[in-house]
Amino acid sequence: MTYMPLRVIVLASIATALVSCVTKIEPVGRSSRAKPTTPFRRVLSGVGAKLFPRGSNIDSPPIREGFTRGGAADNGDTAVTEGRYSDAIKCYSDAIAKEPEFAAYYENRGHAYFGMGKYTDAIADYSEAIRLDDKYANAYYNRGLVFMKRGDYERALADFNATLRMQPDDSDAKVQRGTATDANNRAR
């Protein structure tokens, strides 16, 4: 029988746990039951955070979830992560009806629209979140992702730059800004 150092056993256990958490997320159409085509990096509900795995494909960067206050919004978070975008939109709309000045509800509903491929609606919700809180870096970042998806690289670049003005060390925004700059230069 061979013995392994404790450090190797611990690292192997962590790796096994991480591999078991990774799920492949594939598009199955544009119905309300579609699985996410862009995995969500994190969902913040109340005070807890749950991390979601994501691939390294730069074409499907992580969506950043906003903070929610519980209730209908928590149900919306669950629905988004399960790919039930229509249900999520209803939950976030209910939350917005009760608290229309809370920017994160609009941002989160924008994620559901994004997941359904309803980019115009996603942009409208991210823009409303920004109108309510012009320092909401995640809303700028996520709106920039939608602009990238639509091929509007100049507006995407503006949103990634806005994100970086507020969060200068944001590596995701730096990568996306570089991608938007390259795409914009190629489009000229």
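Just so we're clear, the structure is a prediction, and the values are computed from it rather than from any experiment.

### Digging into the overall build of the chain
- Counting its regular elements, the chain contains eight helices and three strands.
- Across the chain, helices and strands are ordered from the amino to the carboxyl terminus as α-β-β-β-α-α-α-α-α-α-α.
- Taking all 188 residues of the chain together, the buried fraction comes to 42%.
- Total accessible area on the chain is roughly 10400 Å²; 54% of this is exposed by carbon and sulfur atoms.

### So, the packing of helix H7 (residues 153-166) against helix H8 (residues 171-187)
- Here H7 crosses H8 at 155°, and the two axes come no closer than 9 Å. Here H8 runs roughly antiparallel to H7, going by the angle between their axes. Here H7 runs over H8; the crossing is left-handed. When H7 is examined against H8, the residues Tyr153, Glu154, Ala156, Leu157, Phe160, Asn161, Thr163 and Leu164 are found in contact with a partner set consisting of Ala173, Lys174, Gln176, Arg177, Ala180, Thr181, Ala183, Asn184 and Ala187.

### Comments concerning the environment of Ile130
- Considering the arrangement of structural elements, one finds Ile130 in helix H5 (residues 119-132).
- Exposure remark for Ile130: the relative accessible area of 9% places this residue in the buried category.
- Linking Ile130 and Ala104, residues 26 residues apart in sequence, is a C-alpha distance of 9.5 Å.
- In this view, Ile130 contacts Ala139, Tyr140 and Arg143; residues no more than four positions away in its chain are not counted.

The rules behind these values
Residues numbered from 1 in each chain as written. Predicted model: local features only at pLDDT ≥ 70, side-chain atom pairs only at ≥ 80, totals over all residues. Heavy atoms only, no water. Helix = DSSP H or I, 4+ residues; strand = E, 2+ residues; numbered from the N terminus. Buried < 20%, exposed > 50% of the residue type's maximum accessible area, 1.4 Å probe, protein only. Areas by Shrake-Rupley, 256 points an atom, 1.4 Å probe, with all protein chains shown as cover. Axes fitted to C-alpha atoms, helices over the stretch in contact; angles between N-to-C directions. Parallel < 35°, antiparallel > 145°, perpendicular 65-115°, else oblique. Left-handed = near helix turned anticlockwise from the far one by under 90°. Contact = heavy atoms within 4.5 Å.

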